[in-house]
Protein chains: 2
Amino acid sequence: MTYITPTITDLSVNQAGLKDRLTHKINQKTKPLGSLGLIEKLAIDLALINGQESIELQQPKAFIFAADHGLCEQGVSAFPQEVTWQMVENFLAGGAAISVLCKVHGIDMVVVDCGVKHEFGDRDHLINLKVAHGSANSFTAPAMTAQECQQALENGQSLIQQYTGNVVLLGEMGIGNTSAAALLQSRLTGLDIASCTGAGTGLDNAAIDHKTAVLAQVLQQHHHATSPLDCLAAMGGLEIATMVGAILQAASLNKIIVVDGFITSSAVLVASKINPLVLQRCIFSHQSDEKGHKALLASMAATPLLQLGLRLGEGSGAALAWPLLVSAAAIMNNMASFESAGVSEKSAN
Amino acid sequence: MTYITPTITDLSVNQAGLKDRLTHKINQKTKPLGSLGLIEKLAIDLALINGQESIELQQPKAFIFAADHGLCEQGVSAFPQEVTWQMVENFLAGGAAISVLCKVHGIDMVVVDCGVKHEFGDRDHLINLKVAHGSANSFTAPAMTAQECQQALENGQSLIQQYTGNVVLLGEMGIGNTSAAALLQSRLTGLDIASCTGAGTGLDNAAIDHKTAVLAQVLQQHHHATSPLDCLAAMGGLEIATMVGAILQAASLNKIIVVDGFITSSAVLVASKINPLVLQRCIFSHQSDEKGHKALLASMAATPLLQLGLRLGEGSGAALAWPLLVSAAAIMNNMASFESAGVSEKSAN
């Protein structure tokens, strides 16, 4: 693969003193020190990505990356494969969870067809970046050829190059994609596959055992795929590969990346194995109930904002957490200081 | 005390079949069963309070109950007492955390002066329900006389009677009020005072030890005060007593009550000991880092929405959680069903 990754700057090197100034600014706000907990950390993180002492959130947009997975032939999902395109239709019609959440919170939404086994035609809010009609079955072959994987990565990059806002909310749809995410997690973090494999859309215990056995065989089939890109091509998915390109490009452009659940986190994992600096731009919206997610977040030293027992995907957790980013920006930008408000500070004790 | 509590209906008795219908409605939405986790529970709880199969959130309003505490004379707080009135000024000027959060999320805000040691005069967004210039020092005397406590309770009731919306967000301000909340928790739940006593606005360990010793003596001083109302008068605060009246009235009128942190939870505890049915109307916004809060929530079988390490009060956690209520309403009201969207359901597995 001749994929050239975009350049990403190190925010901790290039912004000398900014973090200290932001910490001082937050500490001077009219509240006991540290009393806004994770909201304070979030506010500082957002301002660091913005590269300034205040926070600007411009044109937040949810990108829902969709594709089908050949691995579904092995019976790894509780839902039939046609649900992928049916749910894309539901996104576009405004009836899905991500649709109603984006609408109510003022987030623009677009569906990115990276490889759904369906022809949608020209549609509002749908971007056609289809590389293939679904990935191949990784049980017997690489999910993508090197060319397909590279095309998906480049599609993700160009998608973000054309986006003028500064907040990318990541979402996805693809029946079978918790399997791809579990495979990427296991290979790239070294965790055993059983610890990465969960119920997905609702498998019972016997079906999870079957899924785990299938995935163990897929790992064996692709035991030579160890680099992030080889691993992505062999066992990932077209929506995940496109998302990896989008994440790398968004990081390169210093956009705020709001990560959703297990599958989008697996794309961030791949991107962070290519360049760890992407993590400086990532806000992890929640810890889901999908089995591998807690360990996946921990492997990236990520602190999720919400713990609501979600396991839907689509970007729904990112959209649910979005108002917390708005809140953090308001705190950083608009709260008074002890001095400006004329409030007495803490006594010695 | 001749206080007559308002009548509160039992939603589980008076709404035969509604919970089942709501559960069915949520389960038919286009998502894996239960995959929106706590948001699904929240949506059902809100609709049950509304008493219908959809959710209406009308004119959400944050009521910030403020008062001073005579117990501050014993050195139980890290901040000087004048911070109470200074922060009220900050709320009104728009510089406090609760001010900016309410503004950015479209929540109306009003400060209720229940007993601040300061004369504010006539001010926009300030309601004068002052019963006294601060409570008495409960180290040596009851915090309130029975008459004062009753007046505060009735003030809280009339406050809510005049409010035409259906979402009450609870907040408070009162230097020293984590002490009052810890005393109420310890006496009414039986938990030892050390487990209820935390850092408040930022005490160090030695100061927490001193606070704990003071509170143990207060409990001894008022060992005869065991009923919820006697306990409230002896060791509570004017803002807490007014809030208890407001909670009982809001529950009586089937309003949604969004609970903030440790102090507002202690008011809900008192109200729930008077009538447990208030809890059917309470949404617990977050679990704070103040020491006793986790146990206090558990004693009411409450499931908090957020766990962000907050310990600010003011209603800030309630305002941060408010968009989750908006999200839950959008999910319940606007998401499509499998049938309406033409999406295939789960396969047998």
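Owing to the predicted nature of the structure, the values given are computational and were not obtained by experimental measurement. (Residues numbered from 1 in each chain as written. Chains lettered and ligands numbered in written order. Predicted model: local features only at pLDDT ≥ 70, side-chain atom pairs only at ≥ 80, totals over all residues. Heavy atoms only, no water.)

Undergrad: Outline the overall build of chain A, listing residues and values.
TA: Counting secondary structure elements, chain A contains 15 helices and 6 strands. For 349 residues, the compact-globule estimate of 2.2 N^0.38 gives 20 Å, and the C-alpha radius of gyration of chain A, at 20 Å, lies within 12% of that figure. Projecting the C-alpha coordinates of chain A onto the three principal axes gives extents of approximately 70 × 45 × 40 Å. A buried classification covers 62% of the 349 residues belonging to chain A. Long-range pairs, those at least 24 residues apart, make up 76% of the contacts in chain A between residues at least 6 apart in sequence. When the accessible surface of chain A is totalled, it reaches about 12000 Å², and 49% of it is carbon and sulfur. In chain A, 20 side chains carry a positive charge and 29 a negative one; their mean positions are 7 Å apart. (Helix = DSSP H or I, 4+ residues; strand = E, 2+ residues; numbered from the N terminus. Rg over C-alpha atoms; globule rule 2.2 N^0.38 Å. Buried < 20%, exposed > 50% of the residue type's maximum accessible area, 1.4 Å probe, protein only. Contact = heavy atoms within 4.5 Å. Areas by Shrake-Rupley, 256 points an atom, 1.4 Å probe, with all protein chains shown as cover. Lys, Arg positive; Asp, Glu negative; His and termini not counted. Charge placed at Lys NZ, Arg CZ, Asp CG, Glu CD.)

Undergrad: Hey, could you go over helix H3 (residues 37–50) of chain B for me, with residue numbers and the actual values?
TA: Taking 1.5 Å as the rise per residue, H3 of chain B with 14 residues should run 20 Å; its terminal C-alpha atoms sit 21 Å apart, in good agreement. Counted residue by residue, H3 of chain B has 11 buried out of 14 residues, so it is predominantly covered. When we look at burial in H3 of chain B, the residues that qualify are Leu38, Ile39, Glu40, Leu42, Ala43, Ile44, Leu46, Ala47, Leu48, Ile49 and Asn50 of chain B. In the core, the buried residues of H3 of chain B are packed alongside helix H14 (316–334) of chain A together with helix H1 (11–14), helix H2 (18–27), strand E5 (256–259), strand E6 (282–284) and helix H14 (316–334) of chain B. At the C-terminal side of H3 of chain B, Gly51 of chain B shows a positive phi close to 75°. (Expected span 1.5 Å × (residues − 1).)

Undergrad: Account for the pattern of salt bridges, naming residues and giving values.
TA: If you walk through the whole model with that rule in mind, you get 12 salt bridges over all chains. A salt bridge links Lys31 of chain A to Glu40 of chain A; the shortest N-O distance between them is 3.0 Å. Residue class for Lys31 of chain A comes out buried when judged on its relative accessible area of 2%. Across the pair Glu53 of chain B and Arg21 of chain B runs a salt bridge, and its minimum N-O distance is 2.7 Å. With a gap of 32 residues between them, Glu53 of chain B in the loop between H3 and strand E1 (61–67) and Arg21 of chain B in helix H2 connect regions that are remote in the sequence. (Salt bridge = Lys/Arg side-chain N within 4 Å of Asp/Glu carboxyl O.)

Undergrad: Give a description of the packing of aromatic side chains that names residues and reports values.
TA: A complete count under the given rule lists 6 aromatic pairs over all chains for this structure. Note on Phe63 of chain B and Phe65 of chain B: the rings are 6.5 Å apart at their centroids and 25° apart in plane angle, and the pair reads as stacked. Taken as a pair, Phe63 of chain B and Phe65 of chain B share a single burial class, namely buried. Here the aromatic rings of Phe63 of chain B and Tyr163 of chain B are separated by 5.4 Å at their centres, their planes lie at 80°, and the arrangement is edge-to-face. Taken together, the positions of Phe63 of chain B in strand E1 and Tyr163 of chain B in the loop between helix H6 (146–161) and strand E4 (167–173) put the pair 100 residues apart, joining distant regions of the chain. Here the two residues Phe63 of chain B and Tyr163 of chain B agree in accessibility, since each one is buried. Put simply, the rings of Phe63, Phe65 and Tyr163 of chain A touch in pairs and so form one group of aromatic residues. (Phe/Tyr/Trp six-rings, centres within 6.5 Å; stacked < 30°, edge-to-face > 60°.)

Undergrad: Outline the side chain of Lys255 of chain B, supporting the account with residue identities and numerical values.
TA: Residues and elements named next belong to chain B. Mapped onto the elements, Lys255 comes out in the loop between helix H11 (238–252) and E5. In this structure, Lys255 is buried with no salt-bridge partner, the nearest side chain bearing the opposite charge being Glu56 at 12 Å. There is a polar contact of 3.5 Å between the side chain of Lys255 and the backbone oxygen of Tyr163. A polar atom in the side chain of Lys255 sits 2.8 Å from the backbone oxygen of Gly165. (Polar contact = N/O pair within 3.5 Å; in protein donor to acceptor, adjacent residues only side chain to side chain.)

Undergrad: Outline the interface of chain A and chain B, supporting the account with residue identities and numerical values.
TA: The partner chain B presents 60 residues to the 60 residues of chain A that form the contact. Listed by contribution, the elements that provide at least two residues to the side of chain A that touches chain B are helix H3 (37–50), helix H4 (83–93), helix H5 (97–104), H14 and helix H15 (338–341) of chain A. With 9 residues, H14 of chain A is the largest single contributor of residues to the side of chain A that touches chain B. A breakdown of the residues in the side of chain A that touches chain B according to their chemical character gives 33 nonpolar, 20 polar and 7 charged. (Nonpolar A, V, L, I, M, F, W, Y, C, P; charged D, E, K, R; others polar.)

Undergrad: Help me get a handle on the relation of the copies chain A and chain B, residues and values and all.
TA: Once chain A is rotated about the relating axis by 180° and shifted along it by 0.0 Å, it coincides with chain B to within an RMSD of 0.0 Å. Those values place the two copies in the arrangement expected of a two-fold rotation axis. A shared binding surface is used by both copies, with 100% of the interface residues of chain A retained as interface residues in chain B. (Least-squares fit on C-alpha atoms with pLDDT ≥ 70 in both.)

Undergrad: Help me get a handle on H2 of chain B, residues and values and all.
TA: All names here are of chain B. Buried within H2 we find Leu18, Leu22 and Ile26. Take H2 and look down its axis: the buried residues cluster within an arc of 70°, on one side only. Opposite its buried face, H2 presents the exposed residues Asp20 and His24, each directed more than 90 degrees away. In the core, the buried residues of H2 are packed alongside H3 and H14. (Arc of directions from axis to C-beta.)

Undergrad: How would you sum up the packing of helix H7 (residues 177–189) of chain A against helix H12 (residues 262–274) of chain A? Please name residues and give values.
TA: Residue and element names in this part refer to chain A. Interhelical geometry of H7 versus H12 gives an angle of 35° and a closest axis separation of 9 Å. By crossing handedness, the relation of H7 to H12 is classed as left-handed. For the pair H7 and H12, contact is made by Asn177, Thr178, Ala181, Ala182, Leu184, Gln185, Leu188 and Thr189 and by Phe262, Ile263, Ser266, Leu269, Val270 and Lys273, respectively. A breakdown of the residues in the contact of H7 with H12 according to their chemical character gives 8 nonpolar, 5 polar and 1 charged. (Axes fitted to C-alpha atoms, helices over the stretch in contact; angles between N-to-C directions. Left-handed = near helix turned anticlockwise from the far one by under 90°.)

Undergrad: Break down the sheet that holds strand E4 (residues 167–173) of chain A for me, citing the residues and quoting the values.
TA: All names here are of chain A. Reading across from one edge, E3-E2-E1-E4-E5-E6 is the order of the 6 strands in this open sheet, with parallel pairing throughout. Of all strands in the sheet, those bounded by a partner on one side alone are strand E3 (126–128) and strand E6 (282–284). Geometrically, the sheet is characterised by an average inter-axis angle of 25° between neighbouring strands, direction not taken into account. For strand E1 (residues 61–67) and strand E2 (residues 108–115), the ladder comprises 7 bridges, and the chain directions are parallel. Residue pairing across strands places Phe65 opposite Val112, the latter belonging to E2. (Pairing = 2+ DSSP bridges.)

Undergrad: How would you summarise the nonpolar core if you had to cite specific residues and measurements?
TA: Counting residues in each nonpolar core, the largest one holds 269 residues, and the members touching the most others are Leu232 of chain A together with Leu232 of chain B. Sequence-distant contacts of Leu232 of chain B, defined by excluding residues within four places in its chain, comprise Met144, Cys149, Leu153, Leu184, Gly237, Ile240, Ala241, Val244 and Val270 of chain B. (Core = buried A, V, L, I, M, F, W, Y, C linked by side-chain atoms within 4.5 Å.)

Undergrad: Now, about the sheet that holds E1 of chain B: what can you tell me, with residues and values included?
TA: Residue and element names in this part refer to chain B. Ordered by their spatial adjacency, 6 strands build an open sheet running E3-E2-E1-E4-E5-E6, and the pairing between neighbours is parallel. Lying at the two open borders of the sheet, with one neighbouring strand each, are strand E3 (126–128) and E6. Going from strand to strand, the sheet's axes swing by 25° on average, the running direction of each strand aside. Examined bridge by bridge, E1 and E4 share 6 bridges and lie parallel to one another. Bridge assignment links Phe65 to a residue of E4, and that residue is Glu172. Most of the contacts of H3 go to E6, to which it runs at about 155°, and overall it touches E5 and E6.

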